[in-house]
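Descriptive analysis of the structure
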Amino acid sequence: MACIDRQRALLAAAGRLYERYQAASQPIPFNIFTVLRKASDEVHLHSRFLHALLDHRDQETGERENLRDFIDSVAGVPEISLDGARVAREKNHIDLLIEGKNEAVVIENKIYARDQEQQLLRYHDALVSSGAYDDSAVHLCYLTLFGTEPEAQSTGSLRERVTLLSYRDNLPKWLRSCQRRAFDEPFLRDSIAQYIELVRRLTGTDQNGTYMNKLKALLMRDDNMVVARGLVQAYTETHIDLVHLLWCEVANTIGDRIPDLHRDPDYVRNASRDDVRKTVAGLQHFQSGLHYRVADGIWIVIAATTNLWYGIHCDEEDFPREHQLLKALCAHLGGFPDCDNTSPGYVWHEPALNLRTPTEETLAILNSADRRNALADTITKELTPLWTKLKDDGFHDPNTG
């Protein structure tokens, strides 16, 4: 049988499995977390809930088994004593901080947000300079959806000392252990179950376990793994094509609807197929996307390292006055609620569109011309009042066009 025929047969068999288990799948269950907060809210949802679990004590014994388990099996710092240990949230801007007598664990929690300037390095240095801990006693953990590395500027000389943790690979086993330990606390037990489901959705691991086991068994038959290699390569190339198409369609829509907003020629390559490949490959925080120059040091950006975001780019270090004014502009305008040292106002697309590790829903959007066009239309509509406000407030330099 020719290779192409074997690939067709493998796809057909996998397709039948998918249809069978997709048809049997249950509707998305009610989840209190997504009712009250955005699924990606790392500060008010994820850090809060993880803090509650880490700080939990057994009602009868007062033991802190969740914390001990996390330190030993997740953070990998078993030497920390729990005698008098404290778990803090947002202490000195640190997302989660575990402080023992002689050791400390810093947990920087990133769902989609980008690193701030020298973020992990500053946290480490602040704890050491306080005199509470020696340099080697401060342990840095970087928690992301998929174990992404922090930006080099965030860690400085401490890059090799950062432990990478992921919601996908490191948290589920610990969360299930926390759930088992809550056997006589039904409200907590059920809350952990809903949180586990939320993590599965965010990381795209909520597929039916039976379906995945059947699919793996199919791949291990005959030479199906060899045949699948070509399909994996074709999937990657198609994935790159579709993200590139998305950027092209957003650029075309903006060009039609906002003709006086011009792309920066110095950044045109960022939406090229070659640069999309870097984003898909997960190269160190590489962003592909579209840059529109507003004035010196100010851009309107639509981009993604993982998830799609759009708003204003203006580096606070290089343009502190403009950054503050633009931050106030975005707060007044609304619609761009997030802010960091490089972007005074931006928004993550909701529902989340992970262009690097796409979920089924993201793939469905990317693979549909109608849905890509609808997405381009939505982005353009939301950016139009921002562009108008920038011009009205005198930020636009007409010589940039």
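Overview of the structure. Since this is a predicted model, take the numbers as computed values, not measurements.

Some thoughts on the overall build of the protein chain
- Along the backbone of the protein chain there are 14 helices and 9 strands.
- Computed over its C-alpha atoms, the radius of gyration of the protein chain comes to 23 Å, within 12% of the 21 Å expected for a compact globule of 401 residues.
- Along the three orthogonal principal directions, the C-alpha set of the protein chain runs to about 65 × 65 × 40 Å.
- Considering the protein chain as a whole, with its 401 residues, one finds that 45% of them fall into the buried category.
- Within the protein chain, counting contacts between residues at least 6 apart in sequence, those at least 24 apart form 61% of the total.

Points about the sheet that holds strand E1 (residues 86-91)
- Spatially, the 5 strands line up as an open sheet ordered E1-E2-E3-E4-E5, and their pairing is mixed. Edge positions in the open sheet fall to E1 and strand E5 (162-166), since each of these has one partner strand only. Across the sheet, the mean angle from the axis of one strand to that of its neighbour is 25 degrees, orientation sign disregarded.
- In this structure, strand E2 (residues 94-99) lies alongside strand E3 (residues 104-109), joined through 4 bridges in antiparallel fashion.

Looking at the nonpolar core
- Counting 46 residues, the largest nonpolar core has Phe70, Ile107, Tyr167, Trp174 and Tyr195 as the members making the most contacts within it.
- When near neighbours in sequence (up to four residues on either side) are disregarded, Tyr195 contacts Phe33, Leu45, His46, Phe49, Leu50, Tyr167 and Leu175.
- Ranked by size, the runner-up nonpolar core spans 42 residues in total, among them Ala251, Val280, Leu326 and Trp387.

Let's talk about the packing of helix H10 (residues 224-257) against helix H14 (residues 369-392)
- Interaxial distance between H10 and H14 falls to 9 Å at its minimum, and their mutual angle equals 45 degrees. Looking at the two axes, H10 sits oblique to H14. Considering how the two elements wind past one another, H10 and H14 form a crossing that is right-handed. Seen from H10, the contacting residues are Leu242, Leu245, Leu246, Glu249, Val250, Thr253, Ile254 and Arg257; seen from H14, they are Ala369, Arg372, Asn373, Leu375, Ala376, Asp377, Ile379, Thr380 and Leu383.

Describing a nonpolar patch on the surface
- On the surface, a cluster of nonpolar side chains totalling about 330 Å² of accessible area is made up of Phe30, Ile32 and Leu36.
- Along the chain, the position of Leu36 falls in helix H2 (residues 32-36).
- Classification of Leu36 as exposed rests on a relative accessible area of 62%.

Structural notes on helix H12 (residues 320-333)
- Its 14 residues give H12 an end-to-end C-alpha distance of 20 Å, which sits within 8% of 20 Å, the value for a rise of 1.5 Å per residue.
- Residues His323, Leu326, Leu329 and Cys330 constitute the buried set of H12. Taken around the axis of H12, the buried residues stretch over an arc of 125 degrees, which confines them to a single face. Residues of H12 that are exposed and angled more than 90 degrees away from the buried face: Arg321, Ala331 and His332.
- Each element contacted by the buried residues of H12 is listed here: strand E7 (298-304), strand E8 (308-313), strand E9 (345-348) and H14.
- Downstream of H12 by a residue or two, Gly334 has a phi angle that is positive, lying close to 80 degrees.

Brief notes about the pattern of salt bridges
- Under the definition given, this model contains 23 salt bridges.
- In this structure, Asp69 engages Arg181 in a salt bridge whose closest nitrogen and oxygen atoms are separated by 3.0 Å. Of this pair, Asp69 sits in helix H4 (residues 65-75) while Arg181 is found in helix H7 (residues 171-181), placing the two residues 112 residues apart along the sequence.
- Between Asp260 and Lys391 there is a salt bridge; the shortest N-O distance is 2.6 Å. Of this pair, Asp260 sits in the loop between H10 and helix H11 (273-281) while Lys391 sits in helix H14, and the two are 131 residues apart along the sequence.
- For Asp260, a relative accessible area of 31% gives the class partly exposed.
- By relative accessible area, which is 34% here, Lys391 ends up partly exposed.
- In the salt-bridge network here, residues are joined through shared partners; they are Glu237, Asp241, Arg273 and Arg277.

Considering the packing of H4 against H7
- Where H4 contacts H7, the axes come no closer than 10 Å and their chain directions differ by 160 degrees. Of the possible angle classes, the one that applies to H4 and H7 is roughly antiparallel. The handedness of the crossing between H4 and H7 comes out as right-handed. Residues Glu65, Asn66, Asp69, Phe70 and Val74 of H4 pack against Leu171, Trp174, Ser177, Cys178 and Arg181 of H7.
- Counted by class, the contact of H4 with H7 contains 5 nonpolar, 2 polar and 3 charged residues.

Here we look at unusual backbone geometry
- One non-glycine residue, Asn92, adopts positive backbone phi at about 50 degrees.
- Position of Asn92 relative to the elements: it lies in the loop between E1 and E2.
- For His93, which is not glycine, the phi torsion reads 75 degrees and is therefore positive.
- You can see His93 is positioned in the loop between E1 and E2.
- His93 sits in the exposed class, given a relative accessible area of 62%.

Points about the environment of Asp256
- Topologically, Asp256 is positioned in helix H10.
- For the pair formed by Asp256 and Val294, sequence separation is 38 residues and the distance between their alpha carbons is 18 Å.

Criteria and cut-off values
Residues numbered from 1 in each chain as written. Predicted model: local features only at pLDDT ≥ 70, side-chain atom pairs only at ≥ 80, totals over all residues. Heavy atoms only, no water. Helix = DSSP H or I, 4+ residues; strand = E, 2+ residues; numbered from the N terminus. Rg over C-alpha atoms; globule rule 2.2 N^0.38 Å. Buried < 20%, exposed > 50% of the residue type's maximum accessible area, 1.4 Å probe, protein only. Contact = heavy atoms within 4.5 Å. Pairing = 2+ DSSP bridges. Axes fitted to C-alpha atoms, helices over the stretch in contact; angles between N-to-C directions. Core = buried A, V, L, I, M, F, W, Y, C linked by side-chain atoms within 4.5 Å. Parallel < 35°, antiparallel > 145°, perpendicular 65-115°, else oblique. Left-handed = near helix turned anticlockwise from the far one by under 90°. Patch = residues over 30% accessible without salt bridge, like charges linked within 9 Å, V, L, I, M, F, W, Y side chains within 5 Å. Areas by Shrake-Rupley, 256 points an atom, 1.4 Å probe, with all protein chains shown as cover. Salt bridge = Lys/Arg side-chain N within 4 Å of Asp/Glu carboxyl O. Expected span 1.5 Å × (residues − 1). Arc of directions from axis to C-beta. Nonpolar A, V, L, I, M, F, W, Y, C, P; charged D, E, K, R; others polar.

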